[in-house]
Amino acid sequence: MSGKRHHIVPRFLQKGFASRIIKRKKKEIVFTWLYMKNAAQPDIDFSTKDTIVSENFYGKVGEINADDEITKVEKEKFSPLVDKMRNGTCNFDDSKTEIAELIAHFSIRTKVVREGFTDISQKMVGGMREITTNEQIIEDVFLNPPESVIKEQIEVILSDPKYKEVIEPALQFFEMLGLQKNQVSDLLSELTHSELENKETQKETKETLGSFFSTLFDESNPILRNSIKEGHNKSLVNTTIPLSRVEKYEQLNWNIYKTTSTLILGDVACIFREIGEKSFKPSCDINKTGQIYLPISSNQMIVGTIDREEIETDVKILNEAIASCSYEQFVCSENTQDKTNLIQIIGTNSQIASDQEIQIELDEIRKNVQIMKDEKAE
């Protein structure tokens, strides 16, 4: 076990952004400046033991835990690869697959990914609650079903083997009264339809359904966040390096871009550009990937790009993109005012999907509800 303090961005990558390194007999202590969202300019640098770290992020003891698998693949594969790229001994043509694996790994493991899916899920669930608790929608869609629909459902129940032990004695009783199965179905259908038309029943049903949907689609329910965490960690255990991303990313042209001014490293790790776009994203549809940037040291950036795309060389633009795409923090080898100025934009572009994109999906659900209403009215 590697402990409960899980690094969202590994220490071997943060080492490239060291402010100082203290060498000891058996190990070295690496320090870096940590810039946090909504915080003041840092006044001390921290050991990378305490930077971009979260307790039990990849699972607690006894839970699905991805930390051991992540630690193993990073120690055996990714740390040596990054060292070679930093010291100039990496053959990029021969290492395309390994670099693609590194990028694919970082693209799915960060807090931006998990919190992004949580944010999307909460907004979608909140939208569903708004739709399904609307009294008019409940009345139009869920109340007063046509008698033919009621009869059809009753016939399904009467024929369902699961209810055989209950249904057969009841049918035998009705047969003693001179009613055959089809007549029982007609009678139950008529009684059900009559009861559903009762105003008092409708009022109680609307209240019951409204309460049910309000509870079902409660975006604040901790079960939602816990389920996403468990699903994310399970995915990382099963697929630490997603093959579909590797196959796409190894098609890019990979090189090192060396800068003359200082880069930062965000908790997002990689940033992306879609084909033909100039803006950066914390995540990208793999089929739309035009460029990928991963800072590996204070003056070195791995850049993967398709043939027709020109890379961004303005460090100011790159640092702003890294800060805005990060979830809550970045590290840097220096403590300067221009880096402090970036604090105010941390997280401003960390959403995996925009509110507009989420609204489009909810509008599609509203359309489907309207179709259900129209079909019921026919």
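Since this is a predicted model, take the numbers as computed values, not measurements. (Residues numbered from 1 in each chain as written. Predicted model: local features only at pLDDT ≥ 70, side-chain atom pairs only at ≥ 80, totals over all residues. Heavy atoms only, no water.)

Asker: A description of the overall build of the protein should follow, citing residues and the corresponding values.
Answerer: Scanning the protein for helices and strands turns up 14 helices and 11 strands. Here the C-alpha coordinates of the protein stretch approximately 95 × 40 × 40 Å along the principal axes. By the burial criterion, 44% of the 378 residues in the protein qualify as buried. A separation threshold of at least 6 residues defines the contact pool for the protein, and within that pool the share at least 24 residues apart is 75%. Of the roughly 20,600 Å² that the protein leaves accessible, carbon and sulfur atoms contribute 50%. Considering the protein, the positive charge centre built from 48 side chains and the negative charge centre built from 62 side chains are found 11 Å apart. (Helix = DSSP H or I, 4+ residues; strand = E, 2+ residues; numbered from the N terminus. Buried < 20%, exposed > 50% of the residue type's maximum accessible area, 1.4 Å probe, protein only. Contact = heavy atoms within 4.5 Å. Areas by Shrake-Rupley, 256 points an atom, 1.4 Å probe, with all protein chains shown as cover. Lys, Arg positive; Asp, Glu negative; His and termini not counted. Charge placed at Lys NZ, Arg CZ, Asp CG, Glu CD.)

Asker: So what's going on with the packing of helix H4 (residues 111-132) against helix H10 (residues 222-238)? Residues and values would help.
Answerer: Contact geometry of H4 with H10 gives a least axis separation of 10 Å together with a crossing angle of 140 degrees. Classified by the angle between their axes, H4 and H10 sit oblique to one another. The chirality of how H4 crosses H10 is right-handed. Residues Val113, Arg114, Glu115, Phe117, Thr118, Ser121, Gln122 and Val125 of H4 lie in contact with H10, whose contacting residues are Leu224, Arg225, Ile228, Lys229, His232 and Asn233. Grouping the constituent residues of the contact of H4 with H10 by class yields 5 nonpolar, 5 polar and 4 charged. (Axes fitted to C-alpha atoms, helices over the stretch in contact; angles between N-to-C directions. Parallel < 35°, antiparallel > 145°, perpendicular 65-115°, else oblique. Left-handed = near helix turned anticlockwise from the far one by under 90°. Nonpolar A, V, L, I, M, F, W, Y, C, P; charged D, E, K, R; others polar.)

Asker: Give a detailed account of the environment of Gln202, specifying residues and quantitative values.
Answerer: Examined against the element boundaries, Gln202 turns out to sit in helix H9 (residues 199-216). Since its relative accessible area comes to 8%, Gln202 is described here as buried. Residues Gln202 and Glu139, spaced 63 residues apart in sequence, show a C-alpha to C-alpha distance of 8.1 Å.

Asker: I'd love a proper account of the pattern of salt bridges, names of residues and values included.
Answerer: Close approach of charged atoms allows side chains with opposite charge to pair. Applying the stated criterion to the full structure yields 19 salt bridges. Asp83 serves as the salt-bridge partner of Arg86, at 3.8 Å between the closest nitrogen and oxygen. Linking Arg86 with Asp83, this pair stays in helix H2 (residues 67-87), spanning 3 residues, or about one helical turn. We classify Arg86 as buried; its relative accessible area is 19%. (Salt bridge = Lys/Arg side-chain N within 4 Å of Asp/Glu carboxyl O.)

Asker: Talk me through the packing of helix H6 (residues 147-159) against helix H8 (residues 181-196); I want residue IDs and the actual numbers.
Answerer: Close contact between H6 and H8 brings their axes to 9 Å; oriented N to C, the two are set at 130 degrees. Taken together, the axes of H6 and H8 are oblique relative to one another. Here H6 runs over H8; the crossing is right-handed. Facing Glu147, Ile150, Lys151, Ile154, Glu155, Leu158 and Ser159 of H6, the residues of H8 in contact are Lys181, Ser185, Asp186, Leu188, Ser189, Glu190, Thr192, His193 and Leu196.

Asker: Describe the nonpolar core, listing the residues and the values that go with them.
Answerer: Counting residues in hydrophobic clusters, the biggest one holds 65 residues, and the most contacted among them are Leu13, Met85, Leu102, Tyr249, Trp254 and Leu294. Looking at which element gives the most residues to this core, the answer is helix H3 (residues 96-109), with 7 residues. Beyond its immediate sequence surroundings of up to four residues, Trp254 is in contact with Phe92, Lys96, Ile99, Ile103, Tyr249, Ile292, Ile302, Val303 and Gly304. (Core = buried A, V, L, I, M, F, W, Y, C linked by side-chain atoms within 4.5 Å.)

Asker: With reference to specific residues and values, describe helix H7 (residues 164-176).
Answerer: Helix length check: H7, at 13 residues, gives a terminal C-alpha distance of 18 Å against a target of 18 Å (1.5 Å per residue), a fit within 8%. One or two steps after H7, the chain reaches Gly178, where phi turns positive at roughly 95 degrees. (Expected span 1.5 Å × (residues − 1).)

Asker: Kindly report on the state of the cysteines, identifying the contributing residues and their values.
Answerer: Across all of its chains, the model carries 0 disulfides by this definition. Cysteine Cys90 remains unbridged, with the sulfur of Cys270 as its closest cysteine sulfur at 15 Å. Left unpaired, Cys284 is separated from the closest cysteine sulfur, that of Cys325, by 11 Å. (Disulfide = S-S within 2.5 Å.)

Asker: Kindly report on the packing of aromatic side chains, identifying the contributing residues and their values.
Answerer: Within the structure shown, the criterion is met by 6 aromatic pairs. Ring geometry for Phe213 against Phe217: centres 6.2 Å apart, planes inclined by 15 degrees, an arrangement best described as stacked. Put simply, the rings of Phe212, Phe213 and Phe217 pair up and form one aromatic cluster. For the cation-ring pair, Arg20 lies above Phe31, with the distance from its terminal atom to the ring centre recorded as 3.8 Å. The ring of Phe57 is capped by Arg114, whose NZ or CZ atom sits 3.8 Å from the centre of that ring. (Phe/Tyr/Trp six-rings, centres within 6.5 Å; stacked < 30°, edge-to-face > 60°. Lys NZ or Arg CZ within 6 Å of the ring centre and 35° of its normal.)

Asker: Kindly report on the sheet that holds strand S10 (residues 300-305), identifying the contributing residues and their values.
Answerer: Sheet strands pair by backbone hydrogen bonding; their relative direction is either parallel or antiparallel. With respect to topology, 4 strands assemble into an open sheet ordered S6-S10-S9-S8, the strand pairing being antiparallel. In the strand order of this sheet, the two ends are held by strand S6 (253-258) and strand S8 (271-274), each with one partner. Between one strand axis and the next, the sheet turns by 20 degrees as a mean value, whatever way the strands run. By the bridge criterion, 6 bridges tie S6 to S10 in an arrangement that is antiparallel. In the sheet register, Lys258 faces S10, and the bridge partner there is Gln300. The sheet contacts of H2 involve S6, strand S9 (289-297) and S10, and relative to S9 the element is tilted by about 85 degrees. In this fold helix H12 (residues 315-325) packs onto S6, S8, S9 and S10, with an angle of close to 105 degrees to the strand it touches most, S8. (Pairing = 2+ DSSP bridges.)

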